[in-house]
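Below, each chain spelled out in residue letters.
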Amino acid sequence: YEVILLGKKAGEIDIVASLKKDLYFVEVKTREGARFGSSLESLPVVRQKRLARMAEWYLKTHRVSPEISHHLSLLGIELSHAEPEIELIQDITI
């Protein structure tokens, strides 16, 4: 992946990245324990819809060609282990 924008520069999108000719709009969720569920379980539908709206905004404001595929993704980081566990879901569905 090539990171295009991070954090505040990307609005409410945590990461905008590209892989080959596809764009990925990534929500990053971090958890220090499983008390409230895993990081991958912590993205409610309302947040998924907001990510989709922000991705559409990005595509329009940056005049991205409609021929470019784009994906809504979730990067989960679990910090409750000796080493962080990282998992990426490339395509989340709303």
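Residues numbered from 1 in each chain as written. Predicted model: local features only at pLDDT ≥ 70, side-chain atom pairs only at ≥ 80, totals over all residues. Heavy atoms only, no water.

Caption draft 1: The arrangement of the pairing of strand 5 (residues 85-89) in detail. Looking at chain direction, strand 4 (residues 70-78) and strand 5 are connected through five bridges and run antiparallel. Bridge pairing links E78 to E85 in strand 5. Turn length for the strand 4-strand 5 hairpin, with the two strands adjacent in sequence and antiparallel, is six residues. (Pairing = 2+ DSSP bridges. Helix = DSSP H or I, 4+ residues; strand = E, 2+ residues; numbered from the N terminus.)

Caption draft 2: Here's a closer look at unusual backbone geometry. The phi angle at K20 is positive, at roughly 55 degrees, despite the residue not being glycine. Take K20: it is sitting in the loop between strand 2 (15-19) and strand 3 (22-31). With a relative accessible area of 82%, K20 lands in the exposed category. A positive phi angle, close to 50 degrees, is found at R63, a residue other than glycine. Following the sequence through the fold, R63 ends up in the loop between helix 1 (45-61) and strand 4. (Buried < 20%, exposed > 50% of the residue type's maximum accessible area, 1.4 Å probe, protein only.)

Caption draft 3: Spatial organisation of the pattern of salt bridges. Applying the stated criterion to the full structure yields one salt bridge. In this structure, R47 engages E27 in a salt bridge whose closest nitrogen and oxygen atoms are separated by 2.6 Å. Of this pair, R47 sits in helix 1 while E27 is found in strand 3, placing the two residues 20 residues apart along the sequence. Judged by relative accessible area, R47 falls into the partly exposed class, the value being 25%. On the accessibility criterion, E27 (5% relative accessible area) is buried. (Salt bridge = Lys/Arg side-chain N within 4 Å of Asp/Glu carboxyl O.)

Caption draft 4: Fine view of empty space enclosed by the protein. Throughout the structure, instances matching the rule amount to one cavity of 30 Å³ or more. Looking at the largest cavity, its volume works out to about 50 Å³. In terms of lining, the largest cavity is formed by E12, I13, E27, R47, R50, L51 and M54. No other element matches the four residues that helix 1 contributes to the lining of the largest cavity. Looking at the lining of the largest cavity residue by residue, the classes come out as three nonpolar, no polar and four charged. (1 Å grid on protein atoms, 1.4 Å probe; cavity = no way out; pocket = protein on both sides within 12 Å on 5 of 7 lines; lining within 4 Å. Points joined across faces, edges and corners; volume = space filled by probe spheres on them. Nonpolar A, V, L, I, M, F, W, Y, C, P; charged D, E, K, R; others polar.)

Caption draft 5: Highlighting the pairing of strand 3. Bridge count between strand 2 and strand 3: five bridges; the pairing is antiparallel. The residue of strand 3 that forms the bridge with A17 is Y24. Linking strand 2 back to strand 3 in an antiparallel pair, the connection comprises two residues, with K20 at a positive phi of about 55 degrees. Here strand 3 runs beside strand 4; their pairing, made up of nine bridges, is parallel. Its bridge partner being in strand 4, R31 is matched across the sheet by E78.

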